[in-house]
Amino acid sequence: KDLSRLSLKMPLKLDVKKKLSAHSERVKCIEFHPENPWILAALFSGNVGMWDYENQVLLKTFEVSTSPVRSAQFIVRKQWIVTGSDDLYIRVFNYNTMEKVHSFEAHTDFIRCLVVHPTLPYLISSSDDMFIKIWNWDTNWSLTHAYEGHGHYVMQVALNPKNYSTFASASLDKTIKVWGFTGGDLAH
């Protein structure tokens with residue numbers, strides 16, 4: 001559906017509870033850990049930082065790439081951090097030891113978004129190459145499916161919280177598409 005004419009006019013006031021700051025070029029993505037008081041920050045500098053937001057302390061920082069890291073996610077059930085960057089690679093790190101678990105070239109252009117499936121061993125990635133890809137970490141990060149259908153960069157992917165067999169993608173082609181895991185066709 002075309003959402004280019006959608007306009008929201010709502011005043012919104014948010015109170016800042018904690019402020020975390022460090023010198024960086026730009027923060028490209030943040031992610032909350034669901035069990036610990038941690039925030040993961042993917043940085044334009046190619047680094048990733050993990051913060052304890054309750055104590056306002058930087059716990060760990062590490063260099064992922066010399067290119068910007070646009071997405072970083074926790075895979076809690078494996079104790080991993082997964083990152084996607086402009087060098088086309090997805091990298092996986094153990095968040096306790098910071099050791100690299102795996103890395104692979106995933107796309108042919110910048111990786112914009114990563115989403116961890118909550119029940120299946122899947123990572124969903126989207127890219128400026130206009131593809132959405134499903135990676136299975138139980139089979140050595142094999143490509144399970146590649147979805148195509150956008151006419152421009154795929155900026156974001158989101159799982160349907162009421163039905164984990166569908167997800168949506170947002171693109172600079174001014175469309176949002178809803179996809180199904182079964183068969184890879186457009187659901188709507």
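None of the values given here were measured: they were computed from a predicted structure.

1. Examining the nonpolar core
Move 1: In this structure, L40, F62, F74 and I81 are the most contacted members of the largest nonpolar core, which totals 16 residues.
Move 2: In this structure, F74 is in contact with E31, F32, H33, W38, L40, M50, W80, I81, Y95 and V116, ignoring residues within four places of it in sequence.
Move 3: Among the nonpolar cores identified, the runner-up in size contains 14 residues, and V92, F104, L123 and W141 belong to it.

2. A few points about the pairing of strand β7 (residues 89-94)
Move 1: Among the 6 residues that make up β7, 5 are buried, leaving the element largely enclosed by the rest of the structure.
Move 2: With 5 bridges connecting them, strand β6 (residues 80-85) and β7 associate as antiparallel partners. Opposite G84, over in β7, you have I90 as the bridge partner.
Move 3: Counting the residues between successive antiparallel strands, the hairpin from β6 to β7 contains 3 residues, one of them, L88, with a positive phi of roughly 80°.
Move 4: Both β7 and strand β8 (residues 100-105) contribute to a ladder of 5 bridges, which runs antiparallel. Its bridge partner lying in β8, F93 is registered against K100.
Move 5: In textbook terms, the turn of a hairpin is the stretch between consecutive antiparallel strands, and for β7 and β8 this stretch comprises 5 residues, one of which, M98, has a positive phi near 65°.

3. Details of the layout of surface pockets
By rolling a water-sized probe across the atoms, one finds the places where empty space is left.
Move 1: Of the voids in this model, the second largest pocket is the one considered here, and its volume is about 300 Å³.
Move 2: Elements supplying a minimum of two residues to the lining of the second largest pocket: β1 (27-32), β5 (69-75), β9 (111-116) and β13 (154-159).
Move 3: Along the lines of polarity and charge, the residues of the lining of the second largest pocket split into 13 nonpolar, 3 polar and 2 charged.

What counts, and where the lines are drawn
Residues numbered from 1 in each chain as written. Predicted model: local features only at pLDDT ≥ 70, side-chain atom pairs only at ≥ 80, totals over all residues. Heavy atoms only, no water. Core = buried A, V, L, I, M, F, W, Y, C linked by side-chain atoms within 4.5 Å. Buried < 20%, exposed > 50% of the residue type's maximum accessible area, 1.4 Å probe, protein only. Contact = heavy atoms within 4.5 Å. Helix = DSSP H or I, 4+ residues; strand = E, 2+ residues; numbered from the N terminus. Pairing = 2+ DSSP bridges. 1 Å grid on protein atoms, 1.4 Å probe; cavity = no way out; pocket = protein on both sides within 12 Å on 5 of 7 lines; lining within 4 Å. Points joined across faces, edges and corners; volume = space filled by probe spheres on them. Nonpolar A, V, L, I, M, F, W, Y, C, P; charged D, E, K, R; others polar.

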